[in-house]
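# An overview of the molecular structure
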Amino acid sequence: MKFSVASAFAAAMMAADAVTAAPLEPRAPNVAYFSGFNLGANKANGDCKSTQDWIDEFNTIRSWNPEFTTVKLFSTSDCSALANAAPAATQTGFKIWVGLWPGPEAAGQGKFGQEKGALEAAIEADGTGWLAGINVGSESLYRNETSPDTLAVQIWDVKGMVQSHFNAPDVVVGTADTWTSWVNASNAIVIQASDVIIMNAFPYWQGAQIDAARGVFQEAVANTKAAVGEKQLVIGETGWPTGGPDFGDAHPSVENLQKFYKSTGCDLRGSKIPHFWFSGFDEPNKTSDIEKNFGIATSDRNIKIDITC
Ligand SMILES: *[C@@H]1O[C@H](CO)[C@@H](O)[C@H](O)[C@H]1NC(C)=O
Ligand SMILES: *[C@@H]1O[C@H](CO)[C@@H](O)[C@H](O)[C@H]1NC(C)=O
Ligand SMILES: *[C@@H]1O[C@H](CO)[C@@H](O)[C@H](O)[C@H]1NC(C)=O
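Residues numbered from 1 in each chain as written. Chains lettered and ligands numbered in written order. Predicted model: local features only at pLDDT ≥ 70, side-chain atom pairs only at ≥ 80, totals over all residues. Heavy atoms only, no water.

An unreviewed UniProt entry lists the chain under the name Probable glucan endo-1,3-beta-glucosidase eglC, with Tuber borchii given as the organism. You can read under Function (unreviewed entry) in the UniProt record for the chain the words "Glucanases play a role in cell expansion during growth, in cell-cell fusion during mating, and in spore release during sporulation. This enzyme may be involved in beta-glucan degradation and also function biosynthetically as a transglycosylase." For the record of the chain, the UniProt heading Sequence similarities (unreviewed entry) holds the text "Belongs to the glycosyl hydrolase 17 family." (UniProt positions renumbered as here; feature names shortened; annotations may be inferred.)

Structure follows, in structure tokens:
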């Protein structure tokens, strides 16, 4: 291999100004089962969620099923997400799977530095007991927004800070990406750098007819497992929208969300694969009609379907 994560990380460490520490070798740990939900950081009117808003959402989610005590966020710093949500998690006994944006790194923006700094500040304020795991990047490879080499070094950078510097070796770090990115051999260095493989798969975005969606999802899981070796799989996102346009043969509706949950959602709960549904609540503040309507509940927290299995 022309590129080594270890040597690139060593070079990056010398240039860095924030907390850096040598990471633990990537492991194949056993992440305990959870059934969680992805959550955005904005309220329906666009305002940022406060600590009380996060507490109210966490309590709503637990009221659906006491098994639900884990959520996943997309950014540490946007909307002061961790500064507000980490205390809410500590108070309610929830765990947060934390997303960090790896870029853009263009002059003056330094997004990754801001994201890492917000994670560092949250750990200094609230410890690591609320941390379920970490993904550096969310579909960043899929969108061609970064290179595998850069992303692998950032994963190691965060591993070093959380696992070594803050002495939390059980908090796993990886990146969340589509199954198509995991089966792409050009991304092998990212698999090497990751503790776990966080896979997103949406039969809706593959244009699947609802009755084919379960099989399409199972195929994504099987293809990813075949590509990543023995590393543990965590499902980062799957779900079905209830409004917006059709995509190929995929039709958004409450009835189809119900079908997809009773098939794939219940498969995941039954087989005890750690997973995050996309998403917890509708997000009227998003721009696309589809993205607004992916919640299992409305933005005013009314659940749309029966989620018993
Ligand atoms: C989301 O909310 C912000 C702040 O209120 C507003 O500026 C923005 O236009 C909203 N976006 C959409 C798509 O409604
Ligand atoms: C990323 O690049 C590949 C190869 O050039 C291309 O096929 C793919 O459509 C791009 N992905 C996106 C989301 O633009
Ligand atoms: C495969 O991954 C590489 C590196 O991330 C990327 O440049 C390329 O566009 C990907 N191929 C496809 C077909 O998306």
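Now that the structure is up, let's keep going.
## Remarks on the packing of helix H3 (residues 81-92) against helix H4 (residues 111-126)
Axes are the key here: two packed helices are described by the angle between their axes and the distance separating the axes. Orientation of H3 relative to H4, taken along the N-to-C sense of each, is 35°, at an axis distance of 10 Å. The chirality of how H3 crosses H4 is right-handed. Contact with H3, carried on its side by Leu82, Ala86, Pro87 and Thr90, involves Ala118, Leu119, Ala122 and Asp126 of H4 and no other residues of that element. The residue makeup of the contact of H3 with H4, split by class, is six nonpolar, one polar and one charged. (Axes fitted to C-alpha atoms, helices over the stretch in contact; angles between N-to-C directions. Helix = DSSP H or I, 4+ residues; strand = E, 2+ residues; numbered from the N terminus. Left-handed = near helix turned anticlockwise from the far one by under 90°. Contact = heavy atoms within 4.5 Å. Nonpolar A, V, L, I, M, F, W, Y, C, P; charged D, E, K, R; others polar.)

## Quick notes on the site of ligand 2
In the neighbourhood of ligand 2, the contacting residues comprise Tyr142, Arg143 and Asn144. Here a nitrogen atom of ligand 2 sits 3.4 Å away from a polar atom, N or O, in the main chain of Tyr142. Between ligand 2 and Asn144, the relevant distance is 2.4 Å, taken from an oxygen atom to a side-chain nitrogen or oxygen of the residue. (Near = heavy atom within 4 Å. Polar contact = N/O pair within 3.5 Å; in protein donor to acceptor, adjacent residues only side chain to side chain.)

## Description of the pairing of strand S4 (residues 131-138)
Within S4, eight of the eight residues are buried, which leaves it mostly tucked inside the rest of the structure. For strand S3 (residues 95-100) and S4, the ladder comprises five bridges, and the chain directions are parallel. For Val98, the partnering residue across the bridge sits in S4 and is Ile134. When S4 meets strand S5 (residues 173-178), the two strands line up parallel, connected through three bridges. Each residue of the ladder has a partner; that of Ile134, found in S5, is Val173. In this fold, the crossover linking S4 to S5 by way of helix H5 (residues 148-165) has right-handed handedness. (Buried < 20%, exposed > 50% of the residue type's maximum accessible area, 1.4 Å probe, protein only. Pairing = 2+ DSSP bridges. Right-handed = clockwise from strand over helix to strand, strands pointing away.)

## What to know about the site of ligand 1
Around ligand 1 sit Asn45, Gly46, Asn285, Lys286 and Thr287, and those are all the residues in its vicinity. Here Asn45 contributes a backbone N or O atom positioned 3.2 Å from an oxygen atom of ligand 1. A distance of 2.4 Å is found between an oxygen atom of ligand 1 and a side-chain nitrogen or oxygen belonging to Asn285. A total of 370 Å² of accessible area belongs to ligand 1 in isolation, and the protein chains cover 41% of it. Considering only residue class, the shell around ligand 1 consists of no nonpolar, four polar and one charged. (Areas by Shrake-Rupley, 256 points an atom, 1.4 Å probe, with all protein chains shown as cover.)

## A look at the packing of helix H8 (residues 210-228) against helix H9 (residues 254-271)
It is the contact of H8 with H9, at a shortest axis distance of 9 Å, that shows an interaxial angle of 25°. Considering their axes alone, H8 and H9 lie roughly parallel with respect to each other. Crossing handedness for the pair H8 and H9: right-handed. In this structure, H8 uses Ile210, Asp211, Ala213, Arg214, Phe217 and Gln218 to contact H9, whose residues at the interface are Asn256, Lys259, Phe260, Ser263, Thr264, Asp267 and Leu268. Of the residues assigned to the contact of H8 with H9, the class counts are five nonpolar, four polar and four charged. (Parallel < 35°, antiparallel > 145°, perpendicular 65-115°, else oblique.)

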